[in-house]
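# Remarks on the overall topology
These are the residues of each chain, in order.
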Amino acid sequence: DSLHAKTGPAVAYWHPDNQATGDYTVRATFREPAYMALNDHPHPYGVFIGGSGMGTAEQRYLYCAAYGNGNFIVRGFGPAPFQMNGRRGETNDAVSKAAGAGEAVTQEIALGVKGDRVECSINGTVVASYPKADVIGDGKLASTDGVYGIRLGHNTEAIVTGLTVTRV
């Protein structure tokens, strides 16, 4: 029911059977038990969609991730990184903030596709929304259909529960 991860390098966890197509939402809850315990600045954790070529040099996916400081980021790999909301993301009141270094913080993170939109939600609030056309194309996703999973930045610890896909 849960995955307890402590990362060195950034990592994406996925299984080839975890496929989502059409309109859907992927969500999971991430509990960072001790904010910044493994690093001296925040690192993100979240869910990804649209995975293709996983485990190869042509790997592509789009992720929505939260930081324990109230920031979030939407970024893709395809086959090079592409930022949707800047290199360091942005702040949103919906993103929970840890009380301080060493304190626990929990985020529910969702990334979904509905019609021609891709939406990132954190703690039940849409924090970013993009036309599908902005995440698909040369150097980006081949499609929003594909493998889904979780992604954690480097030097991060999180307990992940409730990874689910809901088809709309």
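These numbers come from a predicted model, not from an experiment. The residue count restarts for each chain, going from 1 along the sequence in the order it is written. With the structure being a predicted model, the display of local features is reserved for residues of pLDDT at least 70 and the display and counting of side-chain atom pairs for 80 or more, all residues being used for whole-chain, interface and lining totals. Neither water nor hydrogens contribute to the side-chain values; these are computed over all heavy atoms in the structure.

### Thoughts on the packing of aromatic side chains
Working definition: an aromatic ring pair is given by the centre-to-centre distance plus the angle between the planes. Note on aromatic pairs: the rings of Phe, Tyr and Trp (six-membered ring only in Trp) are paired at centre separations within 6.5 Å, and the planes decide the class, stacked below 30 degrees, edge-to-face beyond 60, tilted for the rest. Scanning the entire structure with this criterion turns up five aromatic pairs. Aromatic side chains Y61 and F77 sit 5.3 Å apart centroid to centroid with 55° between the ring planes, which places their arrangement in the tilted category. In this pair, Y61 is assigned in strand β5 (residues 60–66) and F77 in strand β6 (residues 71–77), connecting sequence segments 16 residues apart. Assigned by exposure class, Y61 and F77 land together as buried. A ring pair is formed by Y63 and F77, whose centres lie 6.1 Å apart and whose planes are at 20°; its orientation type is stacked. Within this pair, whereas Y63 is found in strand β5, its partner F77 is found in strand β6, the two being separated by 14 residues in sequence. With relative accessibility at 2%, the residue Y63 sits in the buried group. Of the aromatic side chains, those joined through ring pairs into one cluster are F48, Y61, Y63 and F77. A helix here means a DSSP run of H or I that spans at least four residues, while a strand means a run of E at least two residues long, and both kinds are numbered starting from the N terminus. Burial classes follow relative accessibility: with a 1.4 Å probe on protein chains only, a residue under 20% of its type's maximum area counts as buried, one over 50% as exposed, and anything between as partly exposed.

### Quick look at unusual backbone geometry
Its identity as a non-glycine residue notwithstanding, N123 has a phi of 55°, on the positive side. In this structure, N123 sits in the loop between β10 (117–122) and β11 (125–131). Its relative accessible area of 30% is what places N123 among the partly exposed residues. A positive phi angle, close to 50°, is found at N155, a residue other than glycine. Assignment of secondary structure puts N155 in the loop between β12 (146–152) and β13 (157–167).

### Quick notes on the state of the cysteines
Sulfur atoms of two cysteines make up a disulfide when they are within 2.5 Å. In the structure shown here, the tally under the stated rule is one disulfide. A sulfur-sulfur distance of 1.9 Å marks the disulfide that ties C64 to C120. Of this pair, C64 sits in strand β5 while C120 sits in strand β10, and the two are 56 residues apart along the sequence. The exposure class of C120 is buried, given its relative accessible area of 1%.

### Topic: the pattern of salt bridges
By convention in these notes, a salt bridge is any Lys or Arg side-chain nitrogen within 4 Å of a carboxyl oxygen on Asp or Glu. Inspection of every chain in the model, using the stated rule, returns one salt bridge. In this structure, the salt-bridge partner of R27 is E108, at a minimum N-O distance of 3.7 Å. With R27 in strand β3 (residues 24–32) and E108 in strand β9 (residues 105–114), this pair connects stretches of sequence that are 81 residues apart. A residue is classified by how much of its surface remains accessible, and R27, at 29% relative accessible area, is partly exposed. On the basis of relative accessibility, which here comes to 31%, the residue E108 falls in the partly exposed class.

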